[in-house]
Amino acid sequence: MGEPTDSGPAPAAGRGRAALIEDGVEFDGRDAALLRAVDAAGSVAGAASELGRSRARALTRIETLEDAYGTLVERRRGGEGGGGSRLAASARDLLDRYDRLQAVLAATASVPETVLDGTVAAVDGELAVVDTPVGELSGLHGGTVDDEDADDRADGRDADDRADGGAVAVGDAVQVRIGADAVTVNDAANAVDPDATSARNRLAGRVSRIDSGETVSTVRIVVEPVERGGTDDAAVEVAALITAESIDRLGLAPGDPVSLRWKATATRLVAQVE
């Protein structure tokens, strides 16, 4: 294993976004808002209306969350008192966990960010594919909206995930910037099925060290460069923010093989200044 390059995790102010991960399913601020709206409205339909979402989409999201986190919403059929929905105790526990994580991230002055140099290999709307030492990665650069970014905009995430700067062209030198809060870590033996997630960027590596925190820890993962003729690229160190309970559940320790994934819409491409 080669030595990590200098262009590894670096501080990046104001990029914290709270999210819990269970069985490959992410619970974030929009999900917390949905559960709180169900609690306030007393029904999924009322919650969806309050949030400006369709009832079908809200139900589908709740079902997806429940597959990973267990029963979250208890449904009551109509009767003398009428039907409706209320939060299960597990939903309130999940919201408490999310609020604690959000508070920790909000109090964090900076979030580590991995920075890789690369060359644009293809452009598709606001997304571009960049050739980097660890392989091809996708990220946002500006331009027109593609299908994945349109989905994220519908989820209300575009304001935080838009790229810095203008459009890029094939052959341009860029920096690929990946916030540690966007990276999901899985046990290499139980990697998430690529078809089960919209995360376009996936890498494999080994844990180099864990900077432990009371609630959130920074896990450093060394990723070996791809083989290229006539090049001598060094290994790259990628940072990921993980809750302490997730580290315990995964049993992570230095030297463990892991798989990494993150969305193209959570990856910023910045033109290199000559």
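Residues numbered from 1 in each chain as written. Predicted model: local features only at pLDDT ≥ 70, side-chain atom pairs only at ≥ 80, totals over all residues. Heavy atoms only, no water.

> So, the sheet that holds strand 13 (residues 236-243): which residues are in play, and what are the values?
Read from one edge of the open sheet, five strands run 10-14-11-12-13, paired in antiparallel fashion. Of all the strands in the sheet, just strand 10 (184-187) and strand 13 have a single pairing partner and so form its edges. Taken pair by pair, the neighbouring strands of this sheet meet at an average axis angle of 45 degrees, ignoring direction. Bridge count between strand 11 (residues 201-211) and strand 14 (residues 257-262): six bridges; the pairing is antiparallel. The partner of Ala-204 across the bridge, within strand 14, is Ser-259. (Pairing = 2+ DSSP bridges. Helix = DSSP H or I, 4+ residues; strand = E, 2+ residues; numbered from the N terminus. Axes fitted to C-alpha atoms, helices over the stretch in contact; angles between N-to-C directions.)

> An account of the packing of helix 1 (residues 29-41) against helix 2 (residues 44-51) is needed here, citing residue identities and associated values.
With their axes 8 Å apart at the nearest point, helix 1 and helix 2 run at an angle of 120 degrees to one another. Classified by the interaxial angle, the pair formed by helix 1 and helix 2 is oblique. Pair helix 1 / helix 2 crosses with right-handed handedness. Contacts between helix 1 and helix 2 involve Ala-33, Leu-34, Ala-37, Val-38 and Ala-41 from the former and Val-44, Gly-46, Ala-47 and Leu-51 from the latter. (Parallel < 35°, antiparallel > 145°, perpendicular 65-115°, else oblique. Left-handed = near helix turned anticlockwise from the far one by under 90°. Contact = heavy atoms within 4.5 Å.)

> Tell me about the nonpolar core, and name the residues and values.
Judged by nonpolar contacts, the single largest core of 32 residues is most densely connected at Phe-27, Leu-35, Val-38, Tyr-69, Leu-72 and Val-73. Contributions of two or more residues to this core are made by strand 3 (25-27), helix 1, helix 2, helix 3 (55-69), helix 4 (89-107) and strand 13. (Core = buried A, V, L, I, M, F, W, Y, C linked by side-chain atoms within 4.5 Å. Buried < 20%, exposed > 50% of the residue type's maximum accessible area, 1.4 Å probe, protein only.)

> Now, about the packing of aromatic side chains: what can you tell me, with residues and values included?
Applying the stated criterion across every chain, the model contains two aromatic pairs. For the ring pair Phe-27 and Tyr-69, a centre distance of 6.0 Å and an interplane angle of 65 degrees mean the geometry is edge-to-face. With Phe-27 in strand 3 and Tyr-69 in helix 3, this residue pair connects regions lying 42 residues apart in the sequence. Judged by relative accessible area, which is 14%, Tyr-69 ranks as buried. With a centroid separation of 5.7 Å and 75 degrees between ring planes, the pair formed by Phe-27 and Tyr-98 is classed as edge-to-face. A residue pair is termed long-range when its members are at least 10 positions apart, and Phe-27 in strand 3 and Tyr-98 in helix 4 qualify at 71 residues. (Phe/Tyr/Trp six-rings, centres within 6.5 Å; stacked < 30°, edge-to-face > 60°.)

> Would you mind going over the environment of Leu-72 in detail, with residue names and values included?
Positionally, Leu-72 belongs in the loop between helix 3 and strand 4 (73-76). On the basis of relative accessible area, Leu-72 is assigned to the buried category, the value being 1%. In sequence terms Leu-72 and Ser-90 are 18 residues apart; their C-alpha atoms lie 5.9 Å from each other. Ignoring any residue separated from it by four or fewer positions in sequence, one finds Leu-72 in contact with Leu-35, Leu-65, Glu-66, Arg-86, Leu-87, Ala-88, Ser-90, Ala-91 and Leu-94.

> Can you lay out the confidence of the model for the protein chain for me, pointing to particular residues and giving the numbers?
Caution applies to low-pLDDT parts of the model: their predicted coordinates are not meant to be read in detail. In the predicted model, the protein chain carries a mean pLDDT of 80, and 74% of its residues have values of at least 70. Segment residues 143-165 is flagged for pLDDT under 50; beyond a separation of four residues in sequence, or across chains, it makes 50 contacts in the model. (pLDDT = per-residue confidence, 0-100.)

> So what about the pairing of strand 12 (residues 216-223)? Which residues, and what values?
With eight of eight residues buried, strand 12 lies mostly within the body of the structure. Here five bridges tie strand 11 to strand 12, and the two strands are oriented antiparallel to one another. In the strand pairing of strand 12, Ile-210 is matched with Val-219. Between strand 11 and strand 12, which pair antiparallel in sequence order, lie four residues. As defined by bridge partners, strand 12 adjoins strand 13 across eight bridges and the pair is classed as antiparallel. Across the sheet, Val-222 pairs through a bridge with Glu-237, a residue of strand 13.

> Give me helix 2: which residues, what numbers.
Three or more residues of helix 2 are buried, namely Val-44, Ala-47 and Ala-48. One face of helix 2 carries all of its buried residues, which in axial projection span an arc of 100 degrees. In helix 2, those exposed residues whose orientation departs by more than 90 degrees from the buried face are Ser-49 and Glu-50. Against helix 1, helix 3, strand 4 and strand 5 (84-87) lie the buried residues of helix 2. Looking one or two residues beyond helix 2, the residue adopting positive phi is Gly-52, at roughly 75 degrees. (Arc of directions from axis to C-beta.)

> How would you sum up helix 1? Please name residues and give values.
At 3.6 residues per turn, the α-helix brings residues three or four places apart onto the same side. With 13 residues, helix 1 extends 18 Å from end C-alpha to end C-alpha; this agrees with the ideal 18 Å at 1.5 Å per step. Listing the buried residues of helix 1 in full gives Asp-31, Ala-32, Leu-34, Leu-35, Ala-37 and Val-38. Between the side-chain oxygen at the start of helix 1 and the backbone nitrogen of Arg-30 there is a gap of 3.2 Å, and the oxygen is on Asp-28. Backbone geometry just downstream of helix 1 places Gly-42 in the positive-phi region, at approximately 80 degrees. (Expected span 1.5 Å × (residues − 1). Polar contact = N/O pair within 3.5 Å; in protein donor to acceptor, adjacent residues only side chain to side chain.)

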